[in-house]
Amino acid sequence: GDSVTQMEGPVTLSEEAFLTINCTYTATGYPSLFWYVQYPGEGLQLLLKATKADDKGSNKGFEATYRKETTSFHLEKGSVQVSDSAVYFCALSARIQGAQKLVFGQGTRLTINP
Amino acid sequence: NAGVTQTPKFQVLKTGQSMTLQCAQDMNHEYMSWYRQDPGMGLRLIHYSVGAGITDQGEVPNGYNVSRSTTEDFPLRLLSAAPSQTSVYFCASSYRGGAFEQYFGPGTRLTVT
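Residues numbered from 1 in each chain as written. Chains lettered and ligands numbered in written order. Predicted model: local features only at pLDDT ≥ 70, side-chain atom pairs only at ≥ 80, totals over all residues. Heavy atoms only, no water.

### Observations concerning the layout of surface pockets
The space that makes up the largest pocket amounts to roughly 650 Å³. Every residue lining the largest pocket is counted, 29 residues in all, and those nearest its centre are Gln38(A), Val87(A), Arg109(A), Gln37(B) and Arg109(B). The set of elements that each furnish at least two residues to the lining of the largest pocket consists of strand 10 (86-96) and strand 12 (108-113) of chain A together with strand 4 (31-38), strand 9 (87-94) and strand 11 (108-112) of chain B. If one sorts the elements of the lining of the largest pocket by residue count, strand 12 of chain A sits on top with four residues. When its residues are assigned to classes, the lining of the largest pocket shows 11 nonpolar, 13 polar and five charged. Reported here for the second largest pocket is a volume of approximately 280 Å³. Contributing to the lining of the second largest pocket are 17 residues, with Ile96(A), Leu102(A), Val103(A), Leu45(B) and Glu59(B) lying nearest its centre. (1 Å grid on protein atoms, 1.4 Å probe; cavity = no way out; pocket = protein on both sides within 12 Å on 5 of 7 lines; lining within 4 Å. Points joined across faces, edges and corners; volume = space filled by probe spheres on them. Helix = DSSP H or I, 4+ residues; strand = E, 2+ residues; numbered from the N terminus. Nonpolar A, V, L, I, M, F, W, Y, C, P; charged D, E, K, R; others polar.)

What follows is the structure in structure tokens.
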């Protein structure tokens, strides 16, 4: 079935470091891909999305490119800040048993130290 | 525009008690869903609805009931709470079509003792 695999955390970086969080997926057809962010004590917020191959989603300095050939959607940021500390979820949308659903990865906890 | 709202924010129940978690959205979204989030388990789909009067089971439906009498509201009922239902519960909504991104509420943290 459809699934999403994220790199295991936790990830700890220093401020201004380069960030990559790996995400790969398995899906039939051509799903849309998403990154969500969850700050402590809050719900999930959509960070960025891509709907077709080679699309690049971007928001708040974060970027991810939909790579069909490697079935990947890695999240990157050039210079992280303490305020980026959160849990990040990769997800895909898929039609499962006749209904559209989101399939989530396990989440990656990111901590940025000043 | 409040988005997706959930009440209560926190709840403590004793084993065997029942309660309803409330969820409402003001975006006129057709699709609504309930997830639970447990440490190391990511998000798991409990129930979902593709429109008023239509509901279906997700990945972990046992012990939960839902109904959808209006577009705006999608309550989740725990019939007889068990310690295994201790979790954080999120409601989400989306419009039909497009990329199907979902918009999440702030969550309800439930503890069953």
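Picking up where we left off.
### What to know about the packing of aromatic side chains
Under the defined criterion, the tally for this structure stands at 12 aromatic pairs over all chains. An angle of 75 degrees between the planes, with centres 6.1 Å apart, marks the rings of Phe104(A) and Phe104(B) as edge-to-face. Linking Phe104(A) in strand 11 (residues 99-104) with Phe104(B) in strand 10 (residues 103-104), this pair reaches from one chain into another. Aromatic side chains Tyr35(B) and Phe104(B) sit 5.7 Å apart centroid to centroid with 35 degrees between the ring planes, which places their arrangement in the tilted category. On the criterion of sequence distance, the pair formed by Tyr35(B) in strand 4 and Phe104(B) in strand 10 is long-range, its members being 69 residues apart. With respect to class, Tyr35(B) is no different from Phe104(B); both count as buried. In this structure an aromatic cluster arises from ring pairing among Phe34(A), Tyr36(A), Phe89(A), Phe104(A), Tyr35(B) and Phe104(B). (Phe/Tyr/Trp six-rings, centres within 6.5 Å; stacked < 30°, edge-to-face > 60°. Buried < 20%, exposed > 50% of the residue type's maximum accessible area, 1.4 Å probe, protein only.)

Everything listed is a geometric property; what it means functionally is a separate question.
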